[in-house]
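Descriptive analysis of the structure
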Amino acid sequence: MNHALLRPTSLVAERLERFEDEADLHALSEAATAAILDGGGFGWLKPPKAGVVEQYYRGVLLVPERELIVGRMDGTIYGAAQLQKPSRNNEAQAFAVQLMHQFVAPYARGHGLARLILRKAEERARALGFSVLNLDVRDTQKGAISLYESEGFIRWGTHPAYARIKGAIVPGHFYYKLLK
């Protein structure tokens, strides 16, 4: 089914602390796999087996410095992002949090879910007392770059040899946003 053609009746972004059922875990794994196949992040260029992706997300929920924000359309998870808090011994950067691994499955794009996930992550970062939200993104991810810039993130630098995609070295961009 091509979900991009369906208009959702509800869009929600929320912090996920545990998987209520296997359906959520499977949906998240499927959406992540589709995003990886479409050139999404995570560092993976080829998606691992579904069980590995599911194990990865089970692990994310166990890491005290990570928070998982998911985006749902009509109750089904189609995207996510993670907040990576600084380690407890990093007093100098304790005011800043990193946004990582944001994605929406390609078949669920165009409904505002990525923006909703991003805004929920910002809201959560503020609630946790952080005053800066940092992120980095490959130059090949034009949609994500457009989203971040439209949401007020400031590009402060570019790394010319950020990642290797299909044998080619591509740049990556670094952004921050002050959370007031």
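Being a predicted model, the structure only gives us computed values, none of them experimental. (Residues numbered from 1 in each chain as written. Predicted model: local features only at pLDDT ≥ 70, side-chain atom pairs only at ≥ 80, totals over all residues. Heavy atoms only, no water.)

1. Examining the packing of helix 3 (residues 113-127) against helix 4 (residues 142-150)
The N-to-C vectors of helix 3 and helix 4 enclose an angle of 50°; their axes lie 11 Å apart at closest approach. Here helix 3 lies oblique to helix 4, going by the angle between them. Crossing of helix 3 over helix 4 shows right-handed handedness. Across the interface between the two elements, Ala114, Arg115 and Leu118 of helix 3 pack against Leu147, Tyr148 and Ser150 of helix 4. (Axes fitted to C-alpha atoms, helices over the stretch in contact; angles between N-to-C directions. Helix = DSSP H or I, 4+ residues; strand = E, 2+ residues; numbered from the N terminus. Parallel < 35°, antiparallel > 145°, perpendicular 65-115°, else oblique. Left-handed = near helix turned anticlockwise from the far one by under 90°. Contact = heavy atoms within 4.5 Å.)

2. Observations concerning the pairing of strand 3 (residues 76-84)
Within strand 3, seven of the nine residues are buried, which leaves the element mostly enclosed by the surrounding structure. The sheet contact formed by strand 2 (residues 66-73) and strand 3 spans eight bridges and is antiparallel. If you follow arginine 72 over to strand 3, its bridge partner there is isoleucine 77. Taking the residues that link successive antiparallel strands as the turn, the strand 2-strand 3 hairpin has two residues, and the phi of aspartate 74 there is positive, at about 50°. Pairing geometry for strand 3 and strand 4 (residues 96-104), over five bridges, is antiparallel. What sits directly across from leucine 83, in strand 4, is leucine 99. (Buried < 20%, exposed > 50% of the residue type's maximum accessible area, 1.4 Å probe, protein only. Pairing = 2+ DSSP bridges.)

By themselves these figures say nothing about function.
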